[in-house]
Amino acid sequence: EVLINQIAAGEVVERPASVLKELMENSLDAGSRAIEVALAQGGVKQLRITDDGCGIDKDDLALALERHATSKIASLEDLEAVGTMGFRGEALAAIASVARTKIISRATGAAHAWRVTEREREPAPAALNSGTVIEVEDLYYNTPARRKFLKSESTEFGHCDDVFRRVALARPDVGFQLAHNGRVSLRLAAGDAERRVREILGDDFMANCRRVEVDSGPLRLYGFAALPAYARANRDAQFFYVNGRFVRDKLIQHALREAYADILHGARHPAFVLFLDMDPAGVDVNVHPAKTEVRFREGRAIHQFVFHGLSRSLAVPVQ
Ligand code: ADP
Ligand code: MG
């Protein structure tokens, strides 16, 4: 069982950033309104996430570190219509198999909190006002071969920062804070989409972008796409989400590049924050545990819709 978890961990837990992604998604699934992340040494030494979500009750806490203990899928049909971010029930188990892991949680309505660790899986009473705190320390302490693949502190922090921004961009209604080695590096108050995009991509992006808002039947594409005047465009300013999940998909990237081809002439990278909402049954997000790849049932139709939607939005003359 430990071995299976460690193998699964290799796919789910590539580096601190992948741990962070799973934990942030869990916090969001729990309905949190405020999420704080504190990292030490790029997240390798410590990664702590504090949320104000619904918490985990004692019985579920005893199972939370076991494989396939998910509260989110009751049947195979549910897999078709995954509304939550996590749905495999293997992230916490995988993390706990390769790092010292502690969970303290107080379920809504519970008299007090409970804690478990990867060693002490029987819940013990603990103190916490509400929500959940998860601490992940010494990633890959027990699998030195894996640990060797981790990069420098600043590289690992950079990946964590990327994940943090990707998640935060998609949820402007939630407040987020990121700290590294005791210093707060990003604080984002809950607000509207425009404010969140401005905080993450900057005033220059906001001043030189088009609002995108197109729909066709069950398909909706919306967000912000930079015009050529946005000078600092780079590869790091590309955010595309399908049903709220950040994805990096060949078909989508091709459609976006084509839509931008006429105005950027291939000279620079496009910059955008775009959300595609569609029927969950039309997209398979289960391709890989890291879940940035997707497979569309009707790829051609999606490509057409994204290409034409973005082309039209970018072509509107500047007033
Ligand atoms: P999954 O998210 O795929 O269900 P995980 O291993 O990520 O699997 O989490 C296991 C379970 O632990 C979740 O289904 C959820 O019930 C619970 N859980 C994890 N993190 C939190 C959290 N921050 N708040 C509330 N419940 C949580
Ligand atoms: Mg999860």
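Here is a short report on the structure shown in this document. (Residues numbered from 1 in each chain as written. Chains lettered and ligands numbered in written order. Predicted model: local features only at pLDDT ≥ 70, side-chain atom pairs only at ≥ 80, totals over all residues. Heavy atoms only, no water.)

Describing the pattern of salt bridges
We apply this condition: Salt bridge criterion: a side-chain nitrogen from Lys or Arg within 4 Å of a carboxyl oxygen from Asp or Glu. Buried residues are those whose accessible area, probed at 1.4 Å on protein chains only, stays under 20% of the maximum for their type, while exposed residues exceed 50% and partly exposed ones sit between those limits.
Applying the stated criterion across every chain, the model contains 16 salt bridges. Here R119 and E118 are joined by a salt bridge, their closest N and O atoms 3.7 Å apart. For R119, a relative accessible area of 65% puts it in the exposed group. In this structure, a network of salt bridges that share partners links the residues E194, R198, D203 and R211.

Examining the packing of helix α7 (residues 153-170) against helix α8 (residues 193-201)
Note the following rule: For helices, the fitted axis covers only the stretch in contact; all axes are lines through C-alpha atoms, and the angles between them, taken along N-to-C directions, range from 0 to 180 degrees. Starting at the N terminus, helices and strands are each numbered in turn, a helix being any DSSP run of H or I of at least four residues and a strand any DSSP run of E of at least two. Oblique is the label for every angle not falling under 35 degrees (roughly parallel), over 145 degrees (roughly antiparallel), or within 65 to 115 degrees (roughly perpendicular). Less than a right angle of anticlockwise turn of the near helix away from the far helix marks a crossing as left-handed, whereas a clockwise turn marks it as right-handed. We call two residues contacting when some pair of their heavy atoms lies within 4.5 Å. Each residue is assigned to one of three groups, with Ala, Val, Leu, Ile, Met, Phe, Trp, Tyr, Cys and Pro labelled nonpolar, Asp, Glu, Lys and Arg labelled charged, and all others, Gly among them, labelled polar.
Between α7 and α8, the shortest axis-to-axis distance is 9 Å and the interhelical angle comes to 160 degrees. Comparing the axis directions of α7 and α8 gives the class roughly antiparallel. Relative to α8, α7 is oriented so that their crossing is left-handed. Listed contacts from α8 to R165, A168 and L169 of α7 are R196, V197, I200 and L201. For the contact of α7 with α8, the class distribution of residues is five nonpolar, no polar and two charged.

Quick look at unusual backbone geometry
Positive phi outside glycine occurs at Q41, with the angle close to 50 degrees. Examined against the element boundaries, Q41 turns out to sit in the loop between β1 (34-40) and β2 (46-51).

Quick word on the packing of helix α10 (residues 250-264) against helix α11 (residues 299-315)
The geometry of α10 relative to α11 is characterised by a closest axis approach of 9 Å and an angle of 30 degrees between their N-to-C directions. Here α11 runs roughly parallel to α10, going by the angle between their axes. Classified by chirality, the crossing of α11 by α10 is right-handed. Touching L251, I252, H254, A255, L256, E258, A259, Y260 and I263 of α10 are G299, I302, H303, V306, F307, L310, S311 and L314, all from α11. Class assignment of the residues belonging to the contact of α10 with α11 gives a composition of twelve nonpolar, four polar and one charged.

Overview of empty space enclosed by the protein
Our working rule: Definitions used throughout: a 1 Å grid over protein atoms alone; a cavity as a set of points that fits a 1.4 Å probe which cannot get out; a pocket as an open set with protein on both sides within 12 Å along at least five of seven lines; a lining residue as one with an atom within 4 Å of a point. Grid points are joined across faces, edges and corners, and a volume is the space filled by probe spheres set on the points.
Throughout the structure, instances matching the rule amount to two cavities of 30 Å³ or more. Approximately 90 Å³ is the volume found for the largest cavity. Taken together, Q238, F239, F240, F246, V247, R248, D249, I252, Q253, L256 and F272 make up the lining of the largest cavity. If you list the elements that add at least two residues to the lining of the largest cavity, you get β11 (238-242) and α10.

Overview of the pairing of strand β3 (residues 100-106)
What counts is decided by this rule: Should DSSP find at least two bridges between two strands, the strands are taken to pair.
For β3 and strand β6 (residues 131-137), the ladder comprises seven bridges, and the chain directions are antiparallel. Across the sheet, K102 pairs through a bridge with E135, a residue of β6. Pairing geometry for β3 and strand β4 (residues 113-117), over four bridges, is antiparallel. Bridge pairing in β4 links S105 to W114. With antiparallel pairing between neighbouring strands as the criterion, β3 and β4 make up a hairpin whose turn holds six residues, including G109 at a positive phi of roughly 90 degrees.

Looking at the sheet that holds β4
The eight strands are arranged β5-β4-β3-β6-β2-β1-β7-β8 in an open sheet whose pairing can be described as mixed. Edge positions in the sheet fall to β5 (124-126) and β8 (183-188), since each of these pairs with one other strand and no more. On average, adjacent strands in this sheet sit at an angle of 15 degrees to one another, irrespective of strand direction. In this sheet, β6 lies alongside β2 in antiparallel orientation, the contact comprising six bridges. Paired with Q46 across the two strands is E137, which belongs to β6. Along the sheet, helix α2 (residues 16-29) makes contact with β1, β2, β6 and β7 (175-180), crossing β2 at roughly 10 degrees.

Examining the packing of aromatic side chains
Note the following rule: Two aromatic rings, drawn from Phe, Tyr or Trp (for Trp, its six-membered ring), form a pair once their centres lie within 6.5 Å of each other, and the interplanar angle then sorts them: stacked below 30 degrees, edge-to-face above 60, tilted otherwise.
Taken as a whole, this structure holds six aromatic pairs when the rule is applied. Measuring from centroid to centroid gives 5.3 Å for F205 and Y230, while their planes differ by 90 degrees, and the two rings are edge-to-face. You can see F205 sitting in helix α9 (residues 203-207) and its partner Y230 sitting in the loop between β10 (219-226) and β11, a full 25 residues away along the chain. Looking at F205, the relative accessible area reads 0%, which means it is buried. Relative accessible area serves as the criterion here: at 5%, Y230 is assigned to the buried category. Ring centres of Y222 and F275 lie 5.4 Å apart, and the angle between their planes is 20 degrees; this geometry places the pair in the stacked category.

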